[in-house]
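Structural characterization, general
Here's the letter readout for the chains.
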Amino acid sequence: MRTENKEYTITAYTEDCLGLMSRINAIFSRRRISITHFNMGPSETENIKKFVITIRETEESVQKITRQMEKQVDVLEVHYHKNPYLTAIEYAS
């Protein structure tokens, strides 16, 4: 049984350190996963960066990626969700 690829958004909160973006990108490169959207910037908390990454994959693959990202020393927290979730929030506000 083949599972369907869906669009997922991964959000990661990290410490502000040099080279972390390359290490996160390497996680996706090793698995040959194409990133459709990648955004990094400051979060609501001082000295904490927020990564927003959108990919098209299976949920099992996304779970593995988030676990691998959480193992990085400078990563504080990682979440993922399907993208229709964001659309519902936009219409609600």
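Residues numbered from 1 in each chain as written. Predicted model: local features only at pLDDT ≥ 70, side-chain atom pairs only at ≥ 80, totals over all residues. Heavy atoms only, no water.

As annotated in an unreviewed UniProt entry, the chain carries the name acetolactate synthase and is attributed to Chryseobacterium bernardetii. UniProt annotates the chain under Catalytic activity (unreviewed entry) with the comment "2 pyruvate + H(+) = (2S)-2-acetolactate + CO2". Its UniProt record, at the heading Subunit (unreviewed entry), says of the chain: "Dimer of large and small chains." (UniProt positions renumbered as here; feature names shortened; annotations may be inferred.)

Below, the discussion takes up the overall build of the chain. Per the secondary structure count, the chain includes three helices and four strands. Listed by position from the N terminus, the elements making up the chain come as β-α-β-β-α-β-α. Counting every position in the chain, which comprises 93 residues, the buried fraction comes to 33%. Once local pairs closer than 6 in sequence are excluded, the contacts in the chain between residues at least 24 apart make up 70%. (Helix = DSSP H or I, 4+ residues; strand = E, 2+ residues; numbered from the N terminus. Buried < 20%, exposed > 50% of the residue type's maximum accessible area, 1.4 Å probe, protein only. Contact = heavy atoms within 4.5 Å.)

If you check helix α2 (residues 59–70), its first and last C-alpha atoms are 16 Å apart, about what twelve residues at 1.5 Å a residue would give, namely 16 Å. Check the buried side of α2 and you find it contacts β1 (6–15), α1 (20–30), β3 (48–57) and β4 (75–82). (Expected span 1.5 Å × (residues − 1).)

Our next topic: the packing of aromatic side chains. Applying the stated criterion across every chain, the model contains two aromatic pairs. Geometrically, the ring pair formed by F38 and F51 is edge-to-face, given 5.8 Å between the ring centres and 70 degrees between the ring planes. Here F38 is found in strand β2 (residues 35–42), whereas its partner F51 is found in strand β3, with 13 residues between them in sequence. Looking at F51, the relative accessible area reads 1%, which means it is buried. (Phe/Tyr/Trp six-rings, centres within 6.5 Å; stacked < 30°, edge-to-face > 60°.)

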